[in-house]
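# Understanding the architecture of this molecule
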Amino acid sequence: MSAPDSQPPRGALDDADIDRWATQATAAIAAAQSTAELKAVRLSHDGPKSPLALANRALGGLAPELRRAAGARVGAARSRVNIALTKRQDELQAVELAQRLSAERVDVTLPAELAPLGQPHPISALMERLGDVFVAMGWEIAEGPELEAAWMNFDALNMGPHHPARATSDTLFVDPVEHNLVMRTHTSPVQIRSLLSRPLPIYIVCPGQVYRADEFDATHVPVFHQIEGLVVDRGITMGHLKGALDHLAQAMFGAVSTRIRPSYFPFTEPSAEIDLECFVCHGASVLDPDAPCRTCASEGWIEWGGCGVVNPRVLAACGVDAEVYSGFAFGMGVERTLMFRNAATDMRDMVEGDIRFSRALKGEAR
Ligand code: DAH
C-alpha cells in the first residue's frame, strides 16, 4: 500500500502526473489484501486529501482553455480508481466471507453438550407410581377439587359439626365463611364425589394435594399429599381391604409385613390403621430393651395410613343401598410413603425446592 508520490502543483496540471496518480492508486488497490487495508488505500488515493481529489479541486484555478481537457483527464482517472476500488472491495469481501464461513463451520459430529433435563418432583413421581399400582388392577384414578365444600369434606363423611377435625386449628376455611368452603383437609371427599357421580361398582384411587393449618417442621407441612382408595361392590369385606393394602405395601416397599390395628374414623366402621413392620429394627427392639429403636419408638411397627369398611351412613348419604353394597377405603400420606421408601427424614426437603433433593430421589421418576 504505497502513498502517492507527489501533490498537484497549484498553477497547472500535468497529464503525466494525473496518469501516474491513477496508476499508483490502482496498483495500491490491487495490492490490498484485506478490506481493512483497502480502506486505508481508499483514504490515501481517493480521500479528500488524495492527489486526484486535490487535482480536481485545482481545476477551478486553471485557465478556462486548459480546464476542459484537464477536467476530462482527472475525471477519467478518478473513475478508473473508483471502478478498481469497487471491484477490489467485492473480491476481498467474498474472500473474507468464505474464510469466515469455513472458520465458523459447525462440526455436527462433535458430541452435543446436553442441557440438564428436568424431571418430575419425587412427590409427583411417587403419586404416579402409586396410581399405577391400582390402574394395573383395573381401578380408575379419580380427582376432586382442592377448594372443597365443607359438606363433602366433613358432613357426608359422617364428621358432625363438632368433630375435632373441624376446629379452626386444623382446617383452612375460605372467605366468605358463609359459603362453607374449605381447603380440603384430606382426599376422602373424593370418595363422596365418586359415590355421587360414578356407577357402581366403584374401584378408584385418588392421589392429591391436601391442606391443614399445621406446623412446618420435619414431620409436618401444611400442604401435603395423600392417596385415597375406595372400593364399593357387592360382598366387599375387610379381607379385600387387607389384600389390597398388602399388595400396595409390597409394590412400594418389597417384602414387608403389614398389620391392621383397630382405630377410629367417622367414615369407616370398623376402622383401622395400617402399620408397616419397622424398616430399621424389624421388631427386634420390642424384645431387646438394650437396643431401642428411634424409628418405631421400639414399637416394632410404623404407622402408614388409615383404613376401614365404608360406614353405611356414608353410603346412605350418597344414595347407595348399604343392604346390597359394601366397601372399603384407605388413605395414606404420600410424603410419609416417600420417607419410608427413601429413608428421607425431613419433610421440609420435599417442599423447599432444592434440586439436589430431587436429583437424589430421581429413581422415583420413570
Ligand atoms: N382421611 C383420613 C385422614 O386424612 C385418612 C383415612 C382414614 C382415609 C381412613 C380413609 C380411611 O379412606 O378409610 O386422616
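Residues numbered from 1 in each chain as written. Predicted model: local features only at pLDDT ≥ 70, side-chain atom pairs only at ≥ 80, totals over all residues. Heavy atoms only, no water.

## Quick notes on the domain arrangement of the protein
One can read the domain layout of the protein as domain 1 (15-103) and domain 2 (122-364). With centres defined by C-alpha atoms, the gap from domain 1 to domain 2 works out at 89 Å. (Domains from an automatic or database assignment.)

## Considering the state of the cysteines
Each disulfide consists of a covalent bond between the sulfur atoms of two cysteine residues. On inspection of all chains with the given rule, the structure shows 0 disulfides. Summary of cysteine pairing: C206 is not part of a disulfide, and the nearest cysteine sulfur, belonging to C318, is at 15 Å. (Disulfide = S-S within 2.5 Å.)

## A short note on the packing of aromatic side chains
Tallied over the full model, the rule gives 10 aromatic pairs. Ring pairing ties together the aromatic residues F134, W139, Y203, F328 and F330, which thus form one cluster. (Phe/Tyr/Trp six-rings, centres within 6.5 Å; stacked < 30°, edge-to-face > 60°.)

## Things to note about helix α7 (residues 189-197)
When α7 is considered as a whole, its buried residues turn out to be P189, V190, Q191, I192, S194 and L195. Looking at the buried residues of α7, the elements they touch are β2 (147-149), α6 (150-153), β5 (202-211), β6 (223-233), α10 (312-317) and β10 (326-333). (Buried < 20%, exposed > 50% of the residue type's maximum accessible area, 1.4 Å probe, protein only. Helix = DSSP H or I, 4+ residues; strand = E, 2+ residues; numbered from the N terminus. Contact = heavy atoms within 4.5 Å.)

## A word on the site of the ligand
Looking at the ligand, there are 15 residues lining it, with H186, S188, R212, Q226 and E228 nearest. Within the contact set of the ligand, a nitrogen atom lies 2.9 Å away from a side-chain nitrogen or oxygen of S188. In this structure, Q226 approaches the ligand through a side-chain N or O atom, which is 3.0 Å from an oxygen atom. Compared with its free state, where it exposes 350 Å², the ligand has 89% of that area covered by protein. Residue assignment for the shell around the ligand shows that the elements contributing at least two residues are β6, β9 (301-310) and β10. (Near = heavy atom within 4 Å. Polar contact = N/O pair within 3.5 Å; in protein donor to acceptor, adjacent residues only side chain to side chain. Areas by Shrake-Rupley, 256 points an atom, 1.4 Å probe, with all protein chains shown as cover.)

## Points about helix α11 (residues 334-342)
In an α-helix there are 3.6 residues to a turn, and that puts residues three or four apart on one side. Of the residues making up α11, those classed as buried are V334, E335, T337, L338, M339 and F340. Directly beyond the C-terminal end of α11, a positive phi value near 55° is found at A343.

## Overview of the nonpolar core
Core analysis: the biggest nonpolar cluster contains 44 residues, and L248, W304 and F330 have the highest contact counts within it. Of all the elements in the fold, those that place two or more residues in this core are α5 (122-135), β5, β6, α8 (238-253), β8 (268-277), β9, β10 and α11. If you tally residues by element for this core, the top one is α8, at 7 residues. Sequence-distant contacts of L248, defined by excluding residues within four places in its chain, comprise L130, V133, F134, W304, F330 and M332. Within the second largest apolar cluster, 24 residues are counted, among which are L157, I192, L315 and V320. (Core = buried A, V, L, I, M, F, W, Y, C linked by side-chain atoms within 4.5 Å.)

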